[in-house]
Amino acid sequence: MKEIYNSPTKNAAEATLNDFAQKWESKYSYAVKSWRDNWEKLTVFYDFPVGIRKIIYTTNLIEDLNGKIRKYTKNKLSFPTDNAVMKSTFLALRESTKKWTIPIRNWGIILDLFLTIFKERVQL
């Protein structure tokens, strides 16, 4: 599936999906069907420049953050108030951000793209 994400264009990605389907559809028919049924939604990131695409389709950072929040909340069977959940989540986020030391590759170029495309929404 990584080859689909790394395709230079949406048409190339579709050709890559077809190649994937020829090889793996017998084993992963549901995955191929899901991709085809949701193609327009799953490939919206091709509307953006290459620098921004990787940020959109890469979920490792999000999954890592969710894991950190789960680590803080899994030992509790229940929270006495909604505010207690918020505090626990805040502490998890605060601890996670201490470890965010590796910058995003080519961030200057990507930031420039964001400022150009979303000039009304991105403010420095």
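Residues numbered from 1 in each chain as written. Predicted model: local features only at pLDDT ≥ 70, side-chain atom pairs only at ≥ 80, totals over all residues. Heavy atoms only, no water.

Re the environment of Y5
Then, in step 1: Residue placement: Y5 occurs in helix 1 (residues 2–5).
Then, in step 2: It is 34 Å that separates the C-alpha atoms of Y5 and L91, two residues lying 86 residues apart in sequence.
Then, in step 3: If sequence neighbours within four positions are ignored, Y5 has contacts with W35, F45, Y46 and Y57. (Helix = DSSP H or I, 4+ residues; strand = E, 2+ residues; numbered from the N terminus. Contact = heavy atoms within 4.5 Å.)

Topic: the side chain of S88
Then, in step 1: Positionally, S88 belongs in helix 7 (residues 82–98).
Then, in step 2: Judged by its relative accessible area of 11%, S88 is buried.
Then, in step 3: The contact partners of S88, leaving out residues within four places of it in the chain, are Y72, T73 and F79. (Buried < 20%, exposed > 50% of the residue type's maximum accessible area, 1.4 Å probe, protein only.)

Some words on the confidence of the model for the protein
Low pLDDT means the predicted atomic positions in that stretch should not be read closely.
Then, in step 1: Residues with a pLDDT of 70 or more make up 99% of the protein, whose mean pLDDT is 87.
Then, in step 2: Element-level pLDDT for the protein is lowest in helix 5 (residues 50–57), with a mean of 80, against a maximum mean of 94 in helix 2 (residues 10–24). (pLDDT = per-residue confidence, 0-100.)

Some points on the packing of aromatic side chains
Then, in step 1: This structure, assessed with the given rule, holds eight aromatic pairs.
Then, in step 2: Each ring, one from Y5 and one from W35, has its centre 5.8 Å from the other, and the planes form 65 degrees; the classification is edge-to-face. Of this pair, Y5 sits in helix 1 while W35 sits in helix 3 (residues 29–37); the two residues are 30 residues apart in sequence, bridging distant segments of the chain.
Then, in step 3: Exposure remark for Y5: the relative accessible area of 25% places this residue in the partly exposed category. (Phe/Tyr/Trp six-rings, centres within 6.5 Å; stacked < 30°, edge-to-face > 60°.)

Focus on the pattern of salt bridges
Then, in step 1: The final tally for this structure, using the stated rule, is five salt bridges.
Then, in step 2: For E95, the salt bridge goes to K98, with nearest N and O atoms at 3.0 Å. Highlighted residues: E95 and K98, both in helix 7, separated by three residues, approximately one helical turn.
Then, in step 3: Look at E95 and you get partly exposed, because its relative accessible area is 30%. (Salt bridge = Lys/Arg side-chain N within 4 Å of Asp/Glu carboxyl O.)

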